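# Residue-level structural notes
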Amino acid sequence: VLEKDAVPGGVWSYHENASGRPMYRGLRTNLPRELMAFREKPWGGDGKTKSYVTHRQVLQYLSDYSQEFGLKKYIQYGCRVCQLTVQTDFGSSAAIVPEGEQSWPKIKLEWETTNGSEGGGTIHSD
């Protein structure tokens, strides 16, 4: 996993006075944490705590998840993807490139299928 920021948490990592980021100090999620949770690590549903959690609680959940499942060793911080080449040697391939709501670059994707035909296009979230 390549992370643009130098610290864990992506969009959930709040930085005081950071411009161009969708996070703000008092933010609570607009979805209940029970829906946001990963299947392998249930979150909430105890009836005692609030379902709509703060950004700090989301950040802690993600940190706990990556620690519990040994994912931290696979994450590199401070990275910027400038080019993506997908190899299709194994019959199929996929790449997930989450740009985020606040990112501007468009990504041009070109590919060749296993039968030699070409495809491609430019994608963006908006």
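In this text the structure is predicted, and so the values were computed from the model without any measurement. (Residues numbered from 1 in each chain as written. Predicted model: local features only at pLDDT ≥ 70, side-chain atom pairs only at ≥ 80, totals over all residues. Heavy atoms only, no water.)

## With respect to the overall build of the chain
Applied cut-off: Secondary structure elements are defined from DSSP: runs of H or I of at least 4 residues count as helices, runs of E of at least 2 residues count as strands, and each element is numbered from the N terminus. Only protein chains enter the accessibility calculation, which uses a 1.4 Å probe; a residue whose area is less than 20% of its type maximum is buried, one above 50% is exposed, and one in between is partly exposed. What makes two residues a contact is simply this: any of their non-hydrogen atoms within 4.5 Å. Every accessible area reported is derived by Shrake-Rupley at a probe size of 1.4 Å, with residue values counting cover from the shown protein chains alone.
Helix and strand content of the chain: two helices and four strands. Seen in sequence order, the chain has helices and strands lined up from the N terminus as β-α-α-β-β-β. Scored against the burial criterion, the 126 residues of the chain give a buried share of 17%. Long-range contacts, defined as pairs at least 24 residues apart, comprise 40% of the intrachain contacts of the chain with a sequence gap of at least 6. Carbon and sulfur atoms provide 52% of the accessible area of the chain, an area that totals close to 10000 Å².

## A look at the side chain of Ser-66
On the secondary structure map, Ser-66 appears in helix α2 (residues 55-68). Sequence-distant contacts of Ser-66, that is, excluding residues within four places in its chain, are made with Leu-71 and Lys-72.

## Comments concerning the environment of Arg-80
Looking at the element boundaries, Arg-80 is found in the loop between β2 (76-77) and β3 (107-112). Since its relative accessible area comes to 70%, Arg-80 is described here as exposed. Once the C-alpha coordinates of Arg-80 and Leu-2 are considered, the two residues, 78 residues apart in sequence, prove to be 7.6 Å apart.

## Section: the pattern of salt bridges
Keep this limit in mind: Salt bridges are counted wherever a side-chain nitrogen of Lys or Arg sits within 4 Å of a carboxyl oxygen of Asp or Glu.
In this structure the tally under the stated criterion is two salt bridges. Across the pair Arg-25 and Glu-16 runs a salt bridge whose closest N-O atoms are separated by 2.9 Å. Across the pair Glu-68 and Lys-41 runs a salt bridge, and its minimum N-O distance is 2.9 Å. Here the residue Glu-68 occupies a position in helix α2, and Lys-41 occupies one in the loop between α1 (33-36) and α2, the gap between them amounting to 27 residues. When its relative accessible area of 48% is taken as the criterion, Glu-68 is described as partly exposed.

## Comments concerning the packing of aromatic side chains
Heads up, the condition is: Only centres within 6.5 Å qualify two rings of Phe, Tyr or Trp (six-membered ring in Trp) as a pair; their planes then separate them into stacked at under 30 degrees, edge-to-face at over 60, and tilted for everything else.
Enumeration according to the criterion identifies four aromatic pairs in this entry. Taking the centre distance of 6.1 Å and the plane angle of 15° together, the rings of Phe-38 and Tyr-61 count as stacked. Of this pair, Phe-38 sits in the loop between α1 and α2 while Tyr-61 sits in helix α2, and the two are 23 residues apart along the sequence. For Phe-38, a relative accessible area of 36% corresponds to the partly exposed category.

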